[in-house]
Structures are given as structure tokens and as C-alpha cells.
Amino acid sequence: MDYRFHWNVVFQNMPELLSGAFVTLHVSVLAMLLGIVIAILLAIAKMNNTKFFCHVATVWVEIARNTPALFQIYMAYFGLGALGIHLSPYAAVLSALVFINAGYLAETFRGGFQSIPSTQYSASKSLGMTSFQSYWHIILPQMLRRIYHPMTNQLVWSILMSSLGILVGMSELSGTTQRLQSLSFRTLEFFIVAAVMYYILTKLVLFGSSLLSRRLFRGEI
Amino acid sequence: MISVQNVHKSFGDLEVLKGVSLDVNKGEVLSVIGGSGSGKSTLLYCINAIESINKGTILVDDVNVHAKVTNKDKLRQKLGMVFQQWNSFPHMTVLENAALAPRIVKKMSKEEAIEIARKELEHVGLGDKLDVYPTKMSGGQQQRLAIARALAMKPDYMLLDEVTSALDPELVGEVLDTLRLLAEEGMTMICVTHEMGFARDVSDRVAYFHQGVIAEIGEARQVITDPQNPLTQKFLSKVR
Ligand SMILES: Nc1ncnc2c1ncn2[C@@H]1O[C@H](COP(=O)(O)OP(=O)(O)OP(=O)(O)O)[C@@H](O)[C@H]1O
Ligand SMILES: [Mg+2]
């Protein structure tokens, strides 16, 4: 064990690492937002009586939850590429993460929705509220409290999984780290620093999320 | 006036109301008693248009509740309803629970809505709980909150579905006292209840439901203490 650490080269390349980290955050947040929108549609489709929509949603959720993320990314990049649809590494990773987030969150949303007793709805209707008002003021706020932590976890998961972008040549934090270490041969240093940056990134997300939740949810639930 | 005329209601093959007729006048308190599954709750839900009906007519102040053209959300503003399970909104404080509907349904200003909500909460004895979250309160307190929340809409009628039967025995009294107060103030009420003493002392009339029909209806004291129909006699002898 006579490995000698050389940190200088890492710190010289800090700007590049930071911009890689920014891409990581960027792709994860975007995948989360798009995933939420699709997940809402999937959850509605799964609770819908129309067989067709229900089946489509079920298949989506099953594939997303039961196949590796790596497989989704390869499908989006190489699979679609073989079919003549060429996505950039960024777009491929984004669509794979959106696909998976939507599948997981659809189940979270459906569970959250079904955990609100239907009597809450009758109670608000009995006060003269319209259906929209009942959902907006009574059902959704309670649901949001129940799905908030699973949603935060999903975002953390997205940040970590976006590191698979390294395999399709994406310049997010891992891809950038990979490139820089291969130029300088300071493999250990670069990956240690990248790991610390991932750690800080996820901690920041968790911290921000708990601040926000304290503002959003004053009540007990 | 609430006027129920020959109402039939089925869930699938099960006919739950088999031709129910009754009138409740302004200022009157009607108690509805009867065995489990006899259709008492269903009747209230039909009056409130939460459930549809298959046949017959229900009029509230001469408005046909189940007519297509009737705005049911608007109609429900007249009909306060309290359920067996109290259904407080757990994400809002007691005051917010009671002020929400006046604000968003009646479009009152925030100050106005809060003023009305505060008054009604004091009315039911929750004046010191305004900023508490309902989950921190007892069942009796939550049920009184549900009553105040309904009253804050200034309804002309109150429909109460066994509001004490999910409560611990020691909490029943405070809720019944609140209802007694409302009756004294002249509120028109239909109370589905298992409290025979309450039915006898507080209501003007009592209706006994048996398997989807009204087996007996009459002056409260008379129905409870001296029922004419053998079915009513049998029911009352069992619940006593
Ligand atoms: N939404 C529904 N779908 C199907 N059946 C229902 C529904 N609501 C009520 N029923 C049935 O209708 C019958 C009457 O129910 P209802 O709740 O009106 O009785 P109840 O007199 O209020 O009884 P309880 O004293 O137990 O509250 C019961 O057999 C019940 O199972
Ligand atoms: Mg009932």
C-alpha cells in the first residue's frame, strides 16, 4: 500500500465536475417532473373502467418496476438507435428515467389516492362543494402528504441512477468523472470526489424537501 | 318543507326503500328509528342527492331534488348533513374546517367566513379549540365540529345520521346536548338515531323504519311509549 494521493488535478478540474453535477441534477429533476405528470395519467388510467387504458397502464407499470434501469437506458439509446431513432445520451437517459419514475409514482399515487376514505368526499359534497372543489381542497392535499416522502425518495433514486448515463457517454457527474480520470489516471481521487458530490447532492435534496414539507404541511396527519 | 313521496331505491337487486312517504315541516324535528339495514341512512342520502332514486319524488322547498335541471351542489347548501363517522378534514384546523365551505362555496370574504365559523364553533362549545387540529380531539368534539361545520353554511335543514353511535358512551351526552340546543332554537332536523330517550324527548315525531317501509309514524312520545304496530313494539322491546 504505497498509493500516493494527488488531489491537485481533481481541484483544477472542479469547474467541470460541478457542471457535470449540474447536468445530473438537471436530468433528475426534469425526469421527476415529467414522470409525475405521466404518473398521474397512469394512475387515473389504472383506476379507470376503460379496459384498454387500464391494460396499457398496467403493462407500463409492470415493466418499469420489474426490469433493470440499465435495460431501459440501453433500450432508449441502442434499441431505438437500431430502429433509426437516434437519441442523444441526455435524451436517452432522460426518457428512461421518466419511464421508470412514471411507473413507480403511478403506484404511489394510486395508493395515496385510495388511502383517503371516500367519506371525506361525501362530507365535502354534503357541504355544497363541487366535485372539483372537493378534490382540490380535501382529497389532493391529504394525498400529497402521504405521497410526499415516497416522491422525495424517487428523486434521490433518480439522481443516483442517472449515473448509468456513463454507459452511453453522457456528460453528467459520472460521465465527466470517468473522462477526467482516464486523462489524468487519478482514478481513486476523482471517484472519491464524485461520490462525495453525489452524497452532498442527495442530502441537499432531502434537506430542501423537509424544509418545503414543513411549510406545506402544518397539520398533523 | 321536505316532502318525500313514494320513494323507491335499489342497490342492484336489493330494494332498500320500498315506497317511503313523509313530510317534515319547517321547525319540526323528526327522529327515524329502525333496525340495521332498514334503509334509514339511505333515505338521508337520497334527500341529500348523494344517492339517486329509482322512483318517486323528493321535494325540498318545492325543488325537485332528483330532477336533471336541479343544481345539486346548490341544493346541498340548504341541507346540512352530519355522518356517523365524524369526517373532520384532518389537514385543517378546527376553524379552517368550519370556515372552508362558507368561503369557497358561498364565496364569502375570508374575514366573514372566519367570523361565522367562530360563532358556530362557540355555539357547539368548541370556542377554545379553534386552532387545534381535529385529530387531537375526542370523537365527541370532532362530532360537534362536524355539526358546527354544517351549521356554518346556514342550512335550513339538518340531516343527522346516527351521530352518536360511533362515540364512547361517556361522549354521547355532549353531542345530544348540542342537538337538543339546535332543536330548541327551531332548527328543522331529521335525526336517524338509536337513542330512544332523545327521540322521545327532543323530537316532535318519530318514524319507525322496517325493511324499507315506514311501519309507524306519529307523535314522538306516543310512538316510543305506546307503539301501535306490533313490529314497532317488538323493536322497542329489544332496544330497551
Ligand atoms: N352503496 C351501497 N351499495 C350497495 N348496498 C348498499 C349501499 N348502501 C347501503 N346498502 C345496503 O342497503 C341496505 C340499507 O342500508 P342503510 O345504510 O340505509 O341501512 P340503515 O337503516 O342505515 O342501517 P344501520 O342502522 O346499520 O345504519 C343495507 O342492506 C345495505 O347493505
Ligand atoms: Mg345507517
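Structure: see above.
Predicted model, so just to flag it, every value in this text is computed and none were measured.

## Concerning the interface of chain B and chain A
- Chain B puts 26 residues into the contact, and the matching count from chain A is 21 residues.
- For the chain B and chain A pair, buried surface summed over both sides reaches about 2,000 Å², with 60% attributable to carbon and sulfur atoms.
- For the interface between chain B and chain A, the tally reads one salt bridge.
- Ionic pairing is found between K125(A) and D73(B), a salt bridge with its closest N-O pair at 3.2 Å.
- When contributions to the side of chain B that touches chain A are tallied by element, the ones reaching two or more residues are α2 (72–76), β6 (79–82), α3 (94–104) and α5 (139–151) of chain B.
- It is α3(B) that contributes the most residues to the side of chain B that touches chain A, four residues altogether.
- Residue classes in the side of chain B that touches chain A are distributed as 14 nonpolar, six polar and six charged.

## Concerning the pattern of salt bridges
- All chains considered together, the criterion is met by 15 salt bridges over all chains.
- In this structure, R118(B) and E115(B) form a salt bridge, with 3.9 Å as the shortest nitrogen-oxygen distance. A residue pair is termed a helical-turn pair when its members lie 3 or 4 positions apart in one helix, as R118(B) and E115(B) do in helix α4 (residues 110–123) at three residues.
- When salt bridges with common partners are traced through the structure, they connect K46(A), E107(A) and R110(A) into a single cluster.

## Here we look at the sheet that holds strand β10 (residues 213–219) of chain B
All names here are of chain B.
- The six strands are arranged β6-β7-β8-β3-β9-β10 in an open sheet whose pairing can be described as mixed. Strands at the two margins of the open sheet, each flanked by one partner only, are β6 and β10. Looking at each pair of strands side by side, their axes are set apart by 15° on average, direction ignored.
- Docked against the sheet, helix α1 (residues 40–47) engages β3 (29–34), β6, β7 (157–161), β8 (188–192) and β9 (205–210), running at close to 150° with respect to β7.

## Some words on the packing of helix α3 (residues 51–66) of chain A against helix α5 (residues 89–114) of chain A
All names here are of chain A.
- Running from N to C, α3 and α5 cross one another at 110°; their axes reach a closest spacing of 8 Å. As summarised for this structure, α3 and α5 are arranged roughly perpendicular, according to the angle between their axes. Between α3 and α5 the crossing geometry is left-handed. Between α3, through W60, V61, I63, A64 and R65, and α5, the contact on the second element is made entirely by F99, I100, A102, G103, Y104, A106 and E107.
- Here the residues of the contact of α3 with α5 are counted per class, giving nine nonpolar, one polar and two charged.

Cut-offs and rules
- Residues numbered from 1 in each chain as written.
- Chains lettered and ligands numbered in written order.
- Predicted model: local features only at pLDDT ≥ 70, side-chain atom pairs only at ≥ 80, totals over all residues.
- Heavy atoms only, no water.
- Contact = heavy atoms within 4.5 Å.
- Buried area = accessible area lost by both parts, 1.4 Å probe.
- Salt bridge = Lys/Arg side-chain N within 4 Å of Asp/Glu carboxyl O.
- Helix = DSSP H or I, 4+ residues; strand = E, 2+ residues; numbered from the N terminus.
- Nonpolar A, V, L, I, M, F, W, Y, C, P; charged D, E, K, R; others polar.
- Pairing = 2+ DSSP bridges.
- Axes fitted to C-alpha atoms, helices over the stretch in contact; angles between N-to-C directions.
- Parallel < 35°, antiparallel > 145°, perpendicular 65-115°, else oblique.
- Left-handed = near helix turned anticlockwise from the far one by under 90°.

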